[in-house]
Amino acid sequence: MFLFILALCLLAAAAAFCALMAVRRPSRAVGRAANLAGACGAGAACLTGLCAVGAGPWSAALSLQLPLGLPVGACVLGLDALSRLFLLPVFGLGLACAAAGGLALRHENPKHHNLGAHWFFFLMLLLGLALVMAARDAVLFLLAWELMSLAPFFLIDFNDGDSQVRDASWIYLVAAHLGAVALLAFFALLWQVSGSTLLLPGEGLPLTPGQAGPGTLTALFVLAVLGFGAKAGLAPLHIWLPEAHPAAPSHVSALLSGAMINAGLYGLMRVPGLLAPAGAAPEWWGWTLLLLGLTTGLMSILKAAAQSNLKRLLAYSSVENMGLMVLGLGAGLVGQANGNAWIAVLGCAGALLHMSNHAAFKGLLFLCAGEVLHAAGTVRMPLLGGLQRRLPLLGAAFAAGAAAIACLPPFNGFTGELALALSLLDAPALNGVERQMGLLLALAGLAAISGLAAALYAKAYGITFLGEPRSPFAAAAHPASWRTLWPLALPAAVCCGGGLAGPWLLDLAAAAAQAALPLPPHLADAGRADLAQARQSLVAVAQVGGAGLVLVLLLLLTRRLLLKKRVTASVPTWGCGFQDASPRIQYTDAGFTEPTARIFAPVMGLKVRLELDSGLFPQPGELHVSAPDRLRSGLFAPLFAAVERLCNACKVIQHGKIHLYILYILAALVGLLVWGLRS
């Protein structure tokens, strides 16, 4: 715990220094000092945090109580296997994002952007995330949650001169605090039922049937899904995520997508263990989460396929991957309720394994998108193309991340989804045709999502990096050297090596799942045997994948040696033998997804507008394809507008006269006295 507390102190100290820089007169010297202090302070704290996570036995449960100074609650921090696993993306990705952000912001004009304030909120985000994963008291958890939720508002609003960025930051803030209201109600009700704010076994938790009836448990579960689901971006609570992530700086988007939204999954993993003894969670909880995750995954991957903005595509993909994790958690609860150790262990362990993998490849892809934006000035795929030739290192890094997220072996994304698929394969062992069909349909949905993801990232990489430049932006892209791309090495190495280390990572994920959702004693032995069997499958995959990777490297080396003394020539990509080839004959992003749109256009929400000149000498026509979020425009925008009108109507009570305000207070006191006397 000492190293973990030291990491928290380093974050707080660096944040304090950046706050001092933020209030000073803007100058290049102050901006450079704030940028250096913020990046180095975050990097040092993240390295210390990684040492804290790896120190000691992985499954050891540590706790420490510090004085909080509040009349309610206690400052109790703890580390167990689940907290350690969720802290790995926080500190590991935080290290890469801090380095990338320091390099990206080193030339920013301090008169346009307050770098001291930016790094202060970046450090506060890391501090809030670390405290959320380690908090063992409801009051401390809510304080840390609010810190974690408020800091991204200022980070997203970095380029506040753009109205779309301002709108995205406000949408995020509203969504974050609506989820916080649900969590406040959840912990207040939990406190009332258990009689303690401590989130520790033996302190009234997990709840016993005598403490809470079915109605109370249902209310607690619904509030938890609303509060944590809003942070995780589960449909239909996902509307903030596709708006906020493209608007934020790329090192912020990478941390939000790879680490912050994991806090929602962390909460959902903790809830069944808090509300019910081992194995006693109602089965319908599992089916609810499974259906919610499957719906989120299918909807989001189709919405991602319709996007032409690279960062917006990645944002929808984050929602899809979070849906897969919740699907695995739901399957695990279903298996636990039915006494099936295979489904229970592999469902939860697969969800956690996919979470750690997602942090690596999504962080890498967002950082690559930021370098594309810096080099070409845009992330609109119709304006890109041909970047692989101009930015070979960046193209290779993006290709590694795309292969990982498309679940291609031997990259890390394959192992997580393989564990999820293995858990669902045991559906015929359950009692009841409806249960068997439910899990088999979920397996079919998982396969469909994986196939669509492979097509999606073939499009993202192909349209962005291959072919010929489609615009002057891509043709004049600035070259990027390893001096600016080295922060991408850490997530890229995890993407490439995570698949080979899949068996070991599965053990860590299974230990984390056991810490949050312990199996009943009669299933524990069967769970260990099933885990060993699944581990052997991943060992075989790692061996075959490693051999294949070595073979590919040998072939590339052989090709290089054979061509070393030969003269080679290059021809235009997709020239097709036509000598006057033009980028206009290349596939566009809309053309790439047109076959999918023929089937799923209603779900993708495509809007097609064709502009043709009907004159005698017509001008070139234009085809515009967009995919706005119908949930935002059709549900949430009217709802928020109605709430705004209601709030404006309530302004009539604000007269600005003190004696009327005193009358309001007296009326409230009289009402409370009458209510107290009647009760």
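Residues numbered from 1 in each chain as written. Predicted model: local features only at pLDDT ≥ 70, side-chain atom pairs only at ≥ 80, totals over all residues. Heavy atoms only, no water.

**Regarding the overall build of the protein**
Right, on to step 1. The secondary structure content of the protein amounts to 26 helices and 4 strands.
Right, on to step 2. For 679 residues, the compact-globule formula gives about 26 Å, and the C-alpha radius of gyration of the protein, at 26 Å, lands near that figure.
Right, on to step 3. Dimensions of the protein, computed from the C-alpha atoms along their principal axes, are close to 90 × 70 × 55 Å.
Right, on to step 4. Sorting the 679 residues of the protein into buried and exposed places 51% on the buried side.
Right, on to step 5. When contacts within the protein are restricted to residue pairs at least 6 apart in sequence, long-range pairs at least 24 apart make up 79% of them.
Right, on to step 6. Of the roughly 30,100 Å² of accessible surface on the protein, 68% is carried by carbon and sulfur atoms. (Helix = DSSP H or I, 4+ residues; strand = E, 2+ residues; numbered from the N terminus. Rg over C-alpha atoms; globule rule 2.2 N^0.38 Å. Buried < 20%, exposed > 50% of the residue type's maximum accessible area, 1.4 Å probe, protein only. Contact = heavy atoms within 4.5 Å. Areas by Shrake-Rupley, 256 points an atom, 1.4 Å probe, with all protein chains shown as cover.)

**Here we look at the pattern of salt bridges**
Opposite charge on two side chains permits them to pair, given that their charged atoms come into close proximity.
Right, on to step 1. For the structure on display, the rule yields 9 salt bridges.
Right, on to step 2. With a closest N to O distance of 2.6 Å, Glu 283 and Arg 435 form a salt bridge. A residue pair is termed long-range when its members are at least 10 positions apart, and Glu 283 in helix 11 (residues 283-305) and Arg 435 in helix 17 (residues 433-465) qualify at 152 residues.
Right, on to step 3. We classify Arg 435 as partly exposed; its relative accessible area is 22%. (Salt bridge = Lys/Arg side-chain N within 4 Å of Asp/Glu carboxyl O.)

**Re the pairing of strand 2 (residues 75-79)**
Right, on to step 1. The buried fraction of strand 2 amounts to 5 of the 5 residues, a majority that puts the element mostly inside the structure.
Right, on to step 2. On strand 2, burial covers both faces: Cys 75, Leu 77 and Leu 79 on one face and Val 76 and Gly 78 on the other are all buried.

**Digging into the side chain of His 238**
Right, on to step 1. Along the chain, the position of His 238 falls in the loop between helix 7 (214-232) and helix 8 (241-247).
Right, on to step 2. Setting aside its immediate chain neighbours within four residues, His 238 contacts Gly 233, Met 299, Tyr 316, Val 319, Asp 629 and Leu 631.

**Considerations on the packing of helix 12 (residues 310-337) against helix 16 (residues 412-425)**
Right, on to step 1. Across the interface, helix 12 lies against helix 16 with an axial gap of 10 Å and an inter-helix angle of 35 degrees. In this structure, helix 12 crosses over helix 16, and the sense of that crossing is left-handed. Side by side, helix 12 and helix 16 meet where Leu 324, Leu 327, Gly 328 and Ala 331 of the first sit next to Glu 417, Leu 420 and Leu 424 of the second.
Right, on to step 2. The residue makeup of the contact of helix 12 with helix 16, split by class, is 5 nonpolar, 1 polar and 1 charged. (Axes fitted to C-alpha atoms, helices over the stretch in contact; angles between N-to-C directions. Left-handed = near helix turned anticlockwise from the far one by under 90°. Nonpolar A, V, L, I, M, F, W, Y, C, P; charged D, E, K, R; others polar.)

**So, the environment of Leu 387**
Right, on to step 1. In this structure, Leu 387 sits in helix 14 (residues 387-390).
Right, on to step 2. In the structure, Leu 387 is positioned 90 residues away from Ala 477 in sequence and 7.5 Å away in space, judged by C-alpha atoms.
Right, on to step 3. If near-sequence neighbours (up to four positions away) are discounted, Leu 387 is found in contact with Val 372, Pro 392, Thr 464, Phe 465, Ala 474 and Ala 477.

**Quick word on the domain arrangement of the protein**
Where interface size is quoted, it is often the accessible area lost as the parts come together.
Right, on to step 1. Once the domains are mapped, the protein shows domain 1 (1-192 + 242-268), domain 2 (278-560 + 587-593) and domain 3 (632-677).
Right, on to step 2. Look at where the C-alpha atoms of domain 1 and domain 2 centre, and you get two points 24 Å apart.
Right, on to step 3. Contact with domain 1, which involves 32 residues of that partner, is made by 31 residues of domain 2.
Right, on to step 4. Here domain 1 packs against domain 2, burying approximately 2,600 Å² in sum over the two surfaces, 77% of which is carbon and sulfur.
Right, on to step 5. At the boundary of domain 1 and domain 2, one finds 1 salt bridge.
Right, on to step 6. Where Arg 312 meets Glu 243, a salt bridge forms, and the shortest distance between an N and an O atom there is 3.1 Å. (Domains from an automatic or database assignment. Buried area = accessible area lost by both parts, 1.4 Å probe.)

**Here we look at the packing of aromatic side chains**
Think of a pair of aromatic rings as described by two things: how far the centres are apart, and how the planes are tilted against each other in angle.
Right, on to step 1. This structure, assessed with the given rule, holds 19 aromatic pairs.
Right, on to step 2. Aromatic side chains Trp 119 and Phe 122 sit 5.1 Å apart centroid to centroid with 70 degrees between the ring planes, which places their arrangement in the edge-to-face category. Here Trp 119 pairs with Phe 122, and both are found in helix 4 (residues 115-134), just 3 residues apart, close to one helical turn.
Right, on to step 3. A residue is classified by how much of its surface remains accessible, and Trp 119, at 0% relative accessible area, is buried.
Right, on to step 4. When the ring of Phe 221 is compared with that of Trp 284, the centres are 5.4 Å apart and the planes differ by 80 degrees; the resulting orientation is edge-to-face. Of this pair, Phe 221 sits in helix 7 while Trp 284 sits in helix 11, and the two are 63 residues apart along the sequence.
Right, on to step 5. Among the residues examined, Phe 221 registers a relative accessible area of 4% and is labelled buried.
Right, on to step 6. A relative accessible area of 38% places Trp 284 in the partly exposed class.
Right, on to step 7. Among the aromatic residues, those joined into a ring-pair cluster are Phe 120, Phe 121, Phe 153, Phe 154 and Trp 170. (Phe/Tyr/Trp six-rings, centres within 6.5 Å; stacked < 30°, edge-to-face > 60°.)

**Quick word on the side chain of Asn 340**
Right, on to step 1. Summarising the element assignment, Asn 340 is placed in the loop between helix 12 and helix 13 (341-376).
Right, on to step 2. The class of Asn 340 is buried, set by a relative accessible area of 10%.
Right, on to step 3. Looking at Asn 340, its side chain comes within polar contact range of the main-chain nitrogen of Ile 343, at 3.0 Å.
Right, on to step 4. Ignoring sequence-local partners within four residues, the contact set of Asn 340 consists of Gly 335, Asp 426, Ala 429 and Leu 430. (Polar contact = N/O pair within 3.5 Å; in protein donor to acceptor, adjacent residues only side chain to side chain.)

**A word on the packing of helix 15 (residues 392-405) against helix 17**
Right, on to step 1. Between helix 15 and helix 17, the least distance of the axes is 9 Å, while the angle of their chain directions is 170 degrees. By the angle class used here, helix 15 and helix 17 are roughly antiparallel. Taking contact as the criterion, the partners of Leu 394, Gly 395, Phe 398, Ala 399, Ala 402 and Ile 405 in helix 15 are, on helix 17, Ala 453, Tyr 457, Ala 460, Tyr 461 and Phe 465.
Right, on to step 2. Class assignment of the residues belonging to the contact of helix 15 with helix 17 gives a composition of 10 nonpolar, 1 polar and no charged. (Parallel < 35°, antiparallel > 145°, perpendicular 65-115°, else oblique.)

**Topic: the UniProt feature "signal peptide" (unreviewed entry) in the protein**
Right, on to step 1. Feature annotation in UniProt places "signal peptide" (unreviewed entry) on residues 1-21, given in this structure's numbering.
Right, on to step 2. The straight-line gap between the two end C-alpha atoms of residues 1-21 is 31 Å; of that span, 95% is helix and 0% is strand. (UniProt positions renumbered as here; feature names shortened; annotations may be inferred.)

**What about unusual backbone geometry?**
Right, on to step 1. Residues Ala 235 and Pro 236 are joined by a peptide bond in cis, for which omega reads 0 degrees.
Right, on to step 2. That bond from Pro 409 to Pro 410 is cis: its omega, 5 degrees, falls within 30 degrees of zero.
Right, on to step 3. For Pro 410, the position within the fold is in the loop between helix 15 and helix 16.
Right, on to step 4. Backbone geometry at Cys 407 places phi at a positive 65 degrees, although glycine is not the residue there.
Right, on to step 5. Along the chain, Cys 407 falls in the loop between helix 15 and helix 16.
Right, on to step 6. The buried category is assigned to Cys 407, whose relative accessible area is 11%.

**Overview of the environment of Asn 309**
Right, on to step 1. With respect to the helices and strands, Asn 309 occurs in the loop between helix 11 and helix 12.
Right, on to step 2. When the C-alpha atoms of Asn 309 and Ser 570 are compared, they prove to be 30 Å apart, with 261 residues separating the residues in sequence.
Right, on to step 3. Here the side chain of Asn 309 touches Lys 311 through a polar contact of 3.0 Å, landing on its backbone nitrogen.

**As for a nonpolar patch on the surface**
Right, on to step 1. A surface patch of nonpolar side chains, amounting to about 1,300 Å² of accessible area, comprises Val 652, Ile 653, Ile 658, Tyr 661, Ile 662, Leu 663, Tyr 664, Ile 665, Leu 666, Leu 669, Leu 672 and Trp 675.
Right, on to step 2. Take Ile 653: it is sitting in the loop between helix 25 (630-649) and helix 26 (658-678). (Patch = residues over 30% accessible without salt bridge, like charges linked within 9 Å, V, L, I, M, F, W, Y side chains within 5 Å.)

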